[in-house]
Amino acid sequence: MSYPAPWHTIGRHALLPAAQHDERARFDVVAHLNAHVAQRLAPKVREAYESRALNAWRMRHGHEPADRHQVAEAMKQDPAYRAFSLVRRNTMEIRQHAGRMLVAREAERLSGAARAANEGAATLRLDPNLDLPRYVTAVDTHLMQGGYTSERTALDVSNAANYDAGMYATIGGSGGPWNDAAGRALVAWLKQQHPQFAPRCIVDLGCGLGHNTLPLREAFPQAEIVAVDVAAPMLRYGHARARARGFDDVQFLQADATATPLADNSADLVFTTMVLHETSRQALPKIFAEAHRLLRAGGLTIHLEQPPYRGLPAFEQFMRDWDGRFNNEPFWSALHETDCAALLARSGFGSANVFESRCTAPPAGGSTRGDEQHEDFGRAPAWYAVGAWQVAKGLAANG
Amino acid sequence: MDSTDMDHSLPFDADPIQPAPAAAIGRRSESPQFTDDPMLDRLYGITMALITELAVTRTRLDTVEKLLARRQLVAGGEIEDFVPDDGEAAARSRLQAEYLDRVLRSLD
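Chains are numbered independently. Their residues run from 1 in the order of the written sequence. Following the order in which they are written, the chains are lettered starting with A and the ligands numbered starting with 1. Only residues with pLDDT of at least 70 get local features here, since the model is predicted, and only at 80 or more are side-chain atom pairs given and counted; chain-wide, interface and lining totals rely on the full set of residues.

Chemist: Could you give an account of the overall build of chain B, naming the residues involved and the relevant values?
Modeler: Numbering of helices and strands runs from the N terminus, with a helix taken as a DSSP run of H or I at least four residues long and a strand as a DSSP run of E at least two residues long. Helices and strands together make up the secondary structure of chain B, namely two helices and zero strands. Exposure in this text rests on C-beta crowding, where 20 or more other C-beta atoms within 10 Å of a residue's own make it buried, 12 or fewer make it exposed, and counts in between make it partly exposed. The C-beta atoms are placed from the backbone. The buried share of chain B, reckoned over its 108 residues, is 8%.

Chemist: Lay out the overall build of chain A in plain terms, naming residues and giving numbers.
Modeler: Within chain A one finds 13 helices and eight strands. Throughout, radius of gyration means the C-alpha value; the globule benchmark is 2.2 Å times the number of residues raised to the power 0.38. Whereas a compact globule of 399 residues would reach a radius of gyration of roughly 21 Å, chain A reaches 21 Å, a difference of no more than 12%. The dimensions of chain A, computed from C-alpha atoms along their principal axes, are 65 × 60 × 40 Å. Across the 399 residues that make up chain A, the buried fraction comes to 55%. Once local pairs closer than 6 in sequence are excluded, the contacts in chain A between residues at least 24 apart make up 81%. Once C-beta atoms are placed from the backbone, any two residues with those atoms within 7 Å are in contact.

Chemist: Describe in detail the nonpolar core, supporting the description with residues and values.
Modeler: Residue and element names in this part refer to chain A. In this structure, Ala185, Leu186, Val203, Val228, Tyr237 and Val270 are the most contacted members of the largest nonpolar core, which totals 116 residues. Here this core gets 13 residues from one element, more than from any other, and that element is helix 1 (residues 21-61). Sequence-distant contacts of Ala185, that is, excluding residues within four places in its chain, are made with Leu304, Cys359, Thr360, Ala361, Pro381 and Trp383. Among buried residues, those of type Ala, Val, Leu, Ile, Met, Phe, Trp, Tyr and Cys that are joined through C-beta atoms within 7 Å form a set called a nonpolar core.

Chemist: Explain the packing of helix 3 (residues 79-118) of chain A against helix 8 (residues 232-244) of chain A to me, using residue names and the numbers behind them.
Modeler: A pair of packed helices is characterised by two quantities: the angle between their axes and the separation of those axes. All names here are of chain A. Think of each axis as a best-fit line through the C-alpha atoms, taken over the contacting stretch in the case of a helix, with angles from 0 to 180 degrees between the N-to-C directions. Contact pair helix 3 / helix 8: the axes reach a minimum separation of 9 Å and the direction vectors enclose 70 degrees. Considering their axes alone, helix 3 and helix 8 lie roughly perpendicular with respect to each other. Where helix 3 abuts helix 8, its residues Ala113, Ala114, Ala117 and Asn118 lie against Arg236, Tyr237, His239, Ala240, Arg243 and Ala244. The residue classification treats Ala, Val, Leu, Ile, Met, Phe, Trp, Tyr, Cys and Pro as nonpolar and Asp, Glu, Lys and Arg as charged. All others, Gly included, are polar. Along the lines of polarity and charge, the residues of the contact of helix 3 with helix 8 split into six nonpolar, two polar and two charged. Roughly parallel means an angle under 35 degrees; roughly antiparallel means over 145; roughly perpendicular covers 65 to 115; every other angle is labelled oblique.

Chemist: Would you mind going over helix 1 of chain A in detail, with residue names and values included?
Modeler: Residue A:Tyr49 marks the point of greatest curvature in helix 1 of chain A, where the axis turns by about 45 degrees. Directly beyond the C-terminal end of helix 1 of chain A, a positive phi value near 75 degrees is found at A:Gly62. The bend reported for a residue corresponds to the angle between axes fitted to the seven residues ending at that residue and the seven starting there.

Chemist: Break down the sheet that holds strand 3 (residues 224-229) of chain A for me, citing the residues and quoting the values.
Modeler: Residue and element names in this part refer to chain A. Pairing between strands requires that DSSP locate at least two bridges from one strand to the other. As summarised here, the arrangement of the eight strands in space is 1-4-3-2-5-6-8-7, forming an open sheet in which the pairing is mixed. A single partner strand is all that each edge strand has here, and the edge strands are strand 1 (124-125) and strand 7 (354-360). On the sheet, helix 8 packs against strand 1, strand 3 and strand 4 (251-254) and is oriented at approximately 170 degrees with respect to strand 4.

Chemist: Explain the environment of B:Asp85 to me, using residue names and the numbers behind them.
Modeler: Residues and elements named next belong to chain B. Topologically, Asp85 is positioned in the loop between helix 1 (38-70) and helix 2 (86-103). Classification of Asp85 as exposed rests on a count of 7 C-beta atoms within 10 Å. Along the sequence, Asp85 and Ile51 sit 34 residues apart, while their C-alpha atoms lie 32 Å from each other.

Chemist: So, unusual backbone geometry: which residues are in play, and what are the values?
Modeler: Residues and elements named next belong to chain A. The phi dihedral of His142 falls on the positive side, at around 35 degrees, and the residue is not glycine. On the secondary structure map, His142 appears in the loop between helix 4 (134-137) and helix 5 (158-170). Since 20 C-beta atoms lie within 10 Å of it, His142 is described here as buried. The phi torsion at Leu143 lies on the positive side, around 65 degrees, for a residue other than glycine. Taking the C-beta count within 10 Å as the criterion, Leu143 has 19 such neighbours and is therefore assigned partly exposed.

Chemist: How would you summarise the confidence of the model for chain B if you had to cite specific residues and measurements?
Modeler: Residues and elements named next belong to chain B. Summary statistics for chain B give a mean pLDDT of 77 and a share of 72% for residues scoring 70 or more. As a per-residue measure, pLDDT tells how confident the predictor is, with possible values from 0 to 100. Segment residues 1-26 is flagged for pLDDT under 50; beyond a separation of four residues in sequence, or across chains, it makes 40 contacts in the model. In the model output, the complex is listed with pTM 0.88 alongside ipTM 0.78.

Chemist: Give me the packing of helix 3 of chain A against helix 5 of chain A: which residues, what numbers.
Modeler: All names here are of chain A. It is the contact of helix 3 with helix 5, at a shortest axis distance of 8 Å, that shows an interaxial angle of 135 degrees. In terms of orientation, helix 3 and helix 5 fall into the oblique class. In the crossing of helix 3 with helix 5, the sense of the turn from one axis to the other is right-handed. In contact with Arg95, Gly99, Arg100, Leu102, Val103, Ala104, Glu106, Ala107 and Leu110 of helix 3, helix 5 contributes Ser158, Ala161, Asn162, Ala165, Gly166, Ala169 and Thr170. Handedness of a helix crossing follows the sense of rotation of the near helix relative to the far helix, less than a right angle counterclockwise being left-handed and clockwise being right-handed.

Here it is in structure tokens:
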């Protein structure tokens, strides 16, 4: 049994909500509840499946469940699965409510701090006329009331602050003190697999508040870095947060990842971290096509995600699908059934230039579990990566 | 995913301090029901909230004890060995009885 990092070990910066005693304690309970769900309740679900639900299904149907849908059918009455789901769902609701109350108390100070940091900065470019995609505005992703784009007041940053503070509790600090494990994992992969790769321009599509953008700045100090998102509150907070941490030259740009205002052939690295599963099926190929448009010859696009379902046992697919079913991740299931490698190939890169890999975050200080390969059905600091190299445009062979 | 079923709008000017109604937390769909009885799902929700708040209270108490120990106002073991005097014990008994009367009122 390993314990989640207590909330007070989170990296401090001027934009972080100043949580009081009970607010910190509440986040700690949430982190422990999630650890309990993953380490104690999830194994009970597997046990229940193997010891009773599977046999009951076989007796009734004469065969094993063929896919995750049949596993779900076999398990929907099971008390272990119901208890697991009730505790997990309630923990997410408690986490969201705890964060919402914290930032409501701090909303004015945070908004003021963001305004002071952002005022007149050329590195923050917002577009009030941007047509926000409905697949973003219509969903309270992972139960965050109002989603990424809503604003309670002018210049509101409260949902972004809630996301920043609460994520540390949700993942028990496994992303390191700056919640940036995916960015660090990408950097480690690049340095290990392609030590000569020296991008001059890096684009992070769907950057959110830029958690995972900043490790790229540390790794490639000479590169121009553009962090793109549709949500103004996330960008306002993220830009101010980056400045508070001493990153003054990362650009934050409000734009749709399917159609950015950036020039053709202007980037050497176009990446996403945990974005594709929050993207609609219609937008996904357009994002890949946009990466292709942006990349120069020799450039790389890479996307960190949870692994696709294909090849996984039906029971594991079913467990990994929990967020898609019960955590307001409406695109989760479809994304994990999508062959992103094939989609990249068809988006202009050509199948010969597409790859799949795995990225793992190196250990970071401040976390008691950041260096573990602890399987948490979607919340461990290791990712599936799918990507493609840009050869000279027009020469990529599709096959 | 069909986009036509994504219209469970939540007015975002709702008071942020108020917990969102369970059914409105996800605008995309109603809150899932995991048991055969919606009241049981609600009871789980209340129990989970109480678990959380009890843990928060225990942590706060632990903070108080640690601060008292740091400032040497309470010596190690003094809390574990604490025995109330007769007057304190009587007052505590009354508090306990009144507390149980209150929380078990629905069984009367």
